[in-house]
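# Architecture at a glance
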Amino acid sequence: MKHTLKSKLVILCGLVLLLSGCTQVEITGRKQFNLVPDSLINPMSFQSYSEFLTQNKASDDFSKTQMVKRVGSRIQKAVEQYCVENCIEDRLEGYEWEFNLIEDEQLNAWAMPGGKMAVYTGILEVTQTEAGLAVVIGHEIAHAFAKHGAERMTHGLLVDLGGMALSKALASRPAQTQNLFLQSYGIGTQVGVLLPFSRTHENEADHLGLIFMAMAGYDPQEAVAFWQRMATAKEGAAPPEFLSTHPADSTRIRNIQKLIPEAMQYYKR
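Every chain is numbered independently, its residues counted from 1 as its sequence is written. Given that the model is predicted, a residue must reach a pLDDT of at least 70 before its local features are reported, and side-chain atom pairs must reach 80 or more before they are shown or counted; all residues, however, enter totals for whole chains, interfaces and linings. In computing side-chain values, all of the structure's heavy atoms are included and hydrogens and water are not.

Before going further, it helps to spend a moment on the pairing of strand 5 (residues 116-120). With a 1.4 Å probe rolled over the protein chains alone, any residue whose accessible area is under 20% of its type maximum counts as buried; one over 50% counts as exposed, and the rest are partly exposed. Secondary structure elements are taken from DSSP: a helix is a run of H or I of four residues or more, a strand is a run of E of two residues or more, and numbering for both begins at the N terminus. Of all 5 residues making up strand 5, 5 are buried, and the element is well covered by its neighbours. Two strands make a pair as long as DSSP finds a minimum of two bridges between them. Sheet topology note: the strand 4 (residues 109-112)/strand 5 ladder contains 4 bridges and is antiparallel. Bridge assignment links Ala 109 to a residue of strand 5, and that residue is Val 119.

Moving on, we get to the side chain of Arg 30. Relative to the helices and strands, Arg 30 resides in the loop between strand 1 (22-24) and strand 2 (31-33). Among the polar contacts listed, one links the side chain of Arg 30 to the side chain of Glu 151, at a separation of 2.9 Å. Looking at Arg 30, its side chain comes within polar contact range of the side chain of Glu 204, at 2.9 Å. The criterion used for residue contact is that any of the two residues' heavy atoms lie within 4.5 Å. With residues near it in sequence (within four places) discarded, Arg 30 still touches Thr 23, Gln 24, Val 25, His 148, Glu 151, Thr 200, His 201 and Glu 204. In the analysis that follows, any N or O atom pair within 3.5 Å is treated as a polar contact, provided that within protein one partner can donate a hydrogen and the other can accept it, and provided that, for residues neighboring in sequence, both atoms belong to side chains.

Take the sheet that holds strand 4 next. Taken in spatial order, the 3 strands line up as 3-5-4 in an open sheet, and their pairing is mixed. Because the sheet does not close on itself, it has two edges, and the strands there are strand 3 (98-102) and strand 4. Taken over all neighbouring pairs, the strand axes of this sheet differ in orientation by 15° on average, direction set aside. Where strand 3 lies against strand 5, 5 bridges are found, and the strand directions are parallel. Note on strand 5: the bridge partner recorded for Asn 100 is Ala 118. Angular values range over 0 to 180 degrees, each being the angle between N-to-C directions of two axes fitted as lines to C-alpha atoms, with helices fitted over their stretch in contact. Against the sheet, helix 3 (residues 62-85) makes contact with strand 3 and strand 5, and its axis sits at roughly 150° relative to strand 3, the strand it touches most.

Moving on, we come to the pairing of strand 4. Alternating positions in strand 4 separate into two faces, Ala 109 and Ala 111 on one and Trp 110 and Met 112 on the other, with burial throughout. Between strand 4 and strand 5, which follow one another and run antiparallel, lie 3 residues, and Gly 114 among them has a positive phi close to 85°.

On to the nonpolar core, then. Counting 53 residues, the largest nonpolar core has Ile 75, Val 79, Val 119, Ile 137, Ile 141 and Phe 145 as the members making the most contacts within it. Among the elements that take part in this core, helix 5 (residues 130-145) stands out by supplying 10 residues, more than any other. Excluding anything up to four places from it in sequence, Ile 75 contacts Ala 134, Ile 137, Gly 138, Ile 141, Phe 212, Met 213 and Ala 216. Grouped together as the second largest cluster of nonpolar side chains are 7 residues, Tyr 49, Ile 102, Ala 118 and Tyr 120 included. Residues belong to one nonpolar core when they are buried, are Ala, Val, Leu, Ile, Met, Phe, Trp, Tyr or Cys, and are joined through side-chain atoms within 4.5 Å.

The next point concerns the pattern of salt bridges. Salt bridges are defined by distance alone: a side-chain nitrogen of Lys or Arg within 4 Å of a carboxyl oxygen of Asp or Glu. Within this structure, the stated rule accounts for 9 salt bridges. Asp 206 is the salt-bridge partner of Arg 252, the closest N and O atoms lying 2.7 Å from each other. Residue Arg 252 is located in helix 11 (residues 249-268), and its partner Asp 206 is located in helix 9 (residues 194-215); the two are separated by 46 residues in the primary sequence. Under the relative-accessibility criterion, Arg 252 is labelled buried at 1%. Ionic pairing is found between Arg 229 and Glu 222, a salt bridge with its closest N-O pair at 2.9 Å. For Glu 222, a relative accessible area of 17% gives the class buried. Because the salt bridges share partners, they merge into one network encompassing Arg 30, Glu 151 and Glu 204.

Here it is, written out as structure tokens:
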């Protein structure tokens with residue numbers, strides 16, 4: 001009898017935990033499971049971002065640096081406007097927006113929780129225009145807005161740390177938790193259970209990113225041209241789709257083309 005009661009309590013606690021962590025991603029409506037609070041993840045993000053800036057060289061090109069900050073600011077305002085219009089201003093609580101251009105030849109850019117973003121000089125060869133850059137910044141900010149990293153970290157806490165709460169994990173296993181944080185935000189590669197999960201995030205970030213760039217006044221149709229240029233730039237170097245956390249460029253372009261009519265409604269506004 002005692003065992004039965006204990007089992008029921010465990011199941012009940014599990015259900016409460018599950019329900020408390022279930023949220024819905026704006027625009028796409030996808031259900032997500034997230035147990036990582038912004039109050040804990042944002043300070044980790046800010047510290048990691050600060051360390052990154054001290055270890056990597058910022059671009060000396062004033063014009064390109066200002067372009068990154070200008071486009072970033074417009075995307076930021078679009079996200080803030082979306083939140084005001086939909087009465088979800090709390091989604092951005094604790095954000096400290098920052099956009100930096102890093103001197104690096106990689107075709108890369110990323111955003112962390114709390115609005116911290118880095119764009120590498122190498123990708124500017126592919127973006128070519130401000131609208132092309134808006135595709136990249138909109139996409140990366142969408143990852144942060146939709147809390148994709150926190151969702152991945154929740155999965156990691158459940159699988160790697162036995163469901164330990166983040167606050168407890170930080171206290172008892174700081175090194176392992178920090179490594180999990182870095183992996184959750186794309187610093188590291190995993191082949192296995194996280195791959196389809198991550199592709200879902202990529203497609204969702206494309207969707208939200210198109211909306212945000214359109215609201216910022218950039219033509220979302222530029223996304224197709226950008227990804228065509230990216231496909232050419234990566235020709236011969238891209239891994240097979242099943243080994244990549246990103247969709248193949250041809251798949252991504254088809255998906256984006258289907259989303260453009262919706263994004264154009266925001267652009268025409």
